[in-house]
Amino acid sequence: MADRCLWDGKPYHSLDYEMKHRFGEKIYKAALETGMTCPNRDGKLDTRGCSFCSGAGSGEFASKHSSVTEQINAAIRFVSRQKQTGRHYIAYFQSFTNTYAPAERLESLYREALAHPDIVMLSVATRPDCLPESVVTLLRECSQIKPVMVELGLQSIHERTAQHIRRGYPTIVYDTAVESLKNAGLEVVTHVIAGLPGESKNDFLQTVAHAAECGSDGIKLQLLHVLKGTDLALEYRNGEFAALTMEEYLDWITSAIQILPQRMVIHRLTGDGPKDLLIAPLWSRNKHHVLNSLHKKMKEEHIYQGQKGR
C-alpha cells in the first residue's frame, strides 16, 4: 500500500498542483479552435462521429477567432477579468482531432502558440490513430521549445464498447501511440469516460488501470454526458441505458483515484456539459457541488491517490 500523500492539502495529484509545482504560479488554459475535423466525421472512418460527441467535438467552450494569437489574447483578457493570480497559460488545442492535418499546417499553428510570451506549455488533444511519425517528430521538436502534452481519447479499453460508441480503432492503437509518444519524450494524458453504455464499475476501473500501466502521465476522468443531437441521446431516450447517479459517480471516481499511481496527474475529476445541450445527468450541472461532495467523501472515508497501488 502506498504511503498517504497530500498535494496542497488535497488527497490527489491535481493538475493545478502540478502546474504550480513546475512554474511557481497558477496556470490557466487557453482553449483553441482551428477548424480541424476528425476521421470519424470527414468520411475516412465514418461521418457520424463517436456516438457521444456533439457537433463541436468537445470544443463547446473554445474561442473562435481568426488566429491562434487572437484566441490566446482573448483568453487572457477573459481570465484577467475574472482572476487576480497567475499570468501564464497552456495553449490547449481542444476541438476535434488536432493532429489531423498536414504536418506543415500543424507546425505553423503549434509554433504560433509557442511563440506567444504568455504561453508556457502546449497541449494537443487528438486520437491515437492520428499520430503518424511526421507528427510525432514535430511534437518532439516543439517540446524542445516548451513542454508538450498530448491528450489521447481512449474512453474505454473494451472492444465491445469501442464498437458501440464508434470509436474507430482497436485499443492496441492506443497502446502503440503511448509508446511512440513516450519514446519521443512527450507527456501523455489519457481521456476515459465513466458510465458508457453497457459498462460496469469494474469495466471502468480496468480502463483506468490500463492507462496507468501503459505509462500515461496524466488522466482525465470524465462523466458521460448525454447531449442533444447525438446518437447517444437517442439510446438514452429509448431506455437502452441509464445515466450514472451522483452517488454512483462518486463511488466510481474515488475507486479510480485509489488505484492511480501517485506520479499520475489527475487533470479532471468530472466535466462541464454545455447546459444548453445537456440531457443527462442533470445533477452534473452543479460542478462545484459535485467536487465538494467528492472531497467530502474522500475526507470522511480517508481515501487518497495510490492507496491501492501495486
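The coordinates are above.
Residues numbered from 1 in each chain as written. Predicted model: local features only at pLDDT ≥ 70, side-chain atom pairs only at ≥ 80, totals over all residues. Heavy atoms only, no water.

Colleague: Would you take a moment to explain a positive patch on the surface for this structure?
Modeller: Together, Lys228, Arg237, Lys275 and Arg285 give the surface a local cluster of positive charge. Among the structural elements, Lys228 can be located in the loop between strand S7 (226-227) and helix H8 (231-237). Relative accessible area serves as the criterion here: at 43%, Lys228 is assigned to the partly exposed category. (Patch = residues over 30% accessible without salt bridge, like charges linked within 9 Å, V, L, I, M, F, W, Y side chains within 5 Å. Areas by Shrake-Rupley, 256 points an atom, 1.4 Å probe, with all protein chains shown as cover. Salt bridge = Lys/Arg side-chain N within 4 Å of Asp/Glu carboxyl O. Lys, Arg positive; Asp, Glu negative; His and termini not counted. Charge placed at Lys NZ, Arg CZ, Asp CG, Glu CD. Helix = DSSP H or I, 4+ residues; strand = E, 2+ residues; numbered from the N terminus. Buried < 20%, exposed > 50% of the residue type's maximum accessible area, 1.4 Å probe, protein only.)

Colleague: Help me understand unusual backbone geometry in this model?
Modeller: Of all residues except glycine, most have a negative phi; of all peptide bonds, most are trans. Cis peptide bonds are those with omega within 30 degrees of zero, and the linkage from Ala280 to Pro281 qualifies with -10 degrees. Structurally, Pro281 is set in the loop between strand S9 (278-280) and helix H10 (287-300). We note that Asp8 has phi near 55 degrees; this positive angle belongs to a residue other than glycine. Checked against the element boundaries, Asp8 lands in the segment before helix H1 (15-23).

Colleague: Would you mind showing me how to read the state of the cysteines here?
Modeller: Within this structure, the stated rule accounts for zero disulfides. Of all cysteine sulfurs in the structure, the one in Cys50 sits closest to Cys38, which takes part in no disulfide; the separation is 6.3 Å. Unpaired in terms of disulfides, Cys50 finds its nearest cysteine sulfur in Cys53, a separation of 6.3 Å. By relative accessible area, which is 13% here, Cys50 ends up buried. (Disulfide = S-S within 2.5 Å.)

Colleague: Whenever I open this one, the pattern of salt bridges confuses me. Can you help?
Modeller: As a working rule, side chains carrying opposite charge can pair if their charged atoms are close by. For the coordinates displayed, the defined rule picks out 16 salt bridges. Put simply, Glu151 and Lys29 hold a salt bridge, and the shortest N to O gap is 3.5 Å. With Glu151 in strand S4 (residues 148-155) and Lys29 in strand S1 (residues 27-32), this residue pair connects regions lying 122 residues apart in the sequence. The closest approach of N and O atoms between Glu159 and Arg167, which form a salt bridge, is 3.9 Å. Residue Glu159 is classed as partly exposed on the basis of its relative accessible area of 36%. Accessibility expressed as a relative area gives 2% for Arg167, which makes it buried.

Colleague: Could you clarify how one ought to interpret the sheet that holds strand S6 (residues 218-223) in this entry?
Modeller: Note: strands within a sheet are paired through backbone hydrogen bonds, in either parallel or antiparallel orientation. Reading across from one edge, S1-S2-S3-S4-S5-S6-S8 is the order of the seven strands in this open sheet, with parallel pairing throughout. The open sheet has two free edges, formed respectively by S1 and strand S8 (265-268), since each of these has just one partner strand. Each strand axis lies, on average, 25 degrees off the axis of its neighbour in the sheet, ignoring direction. Where strand S2 (residues 88-93) and strand S3 (residues 119-126) come together, five bridges link them in parallel fashion. (Pairing = 2+ DSSP bridges. Axes fitted to C-alpha atoms, helices over the stretch in contact; angles between N-to-C directions.)

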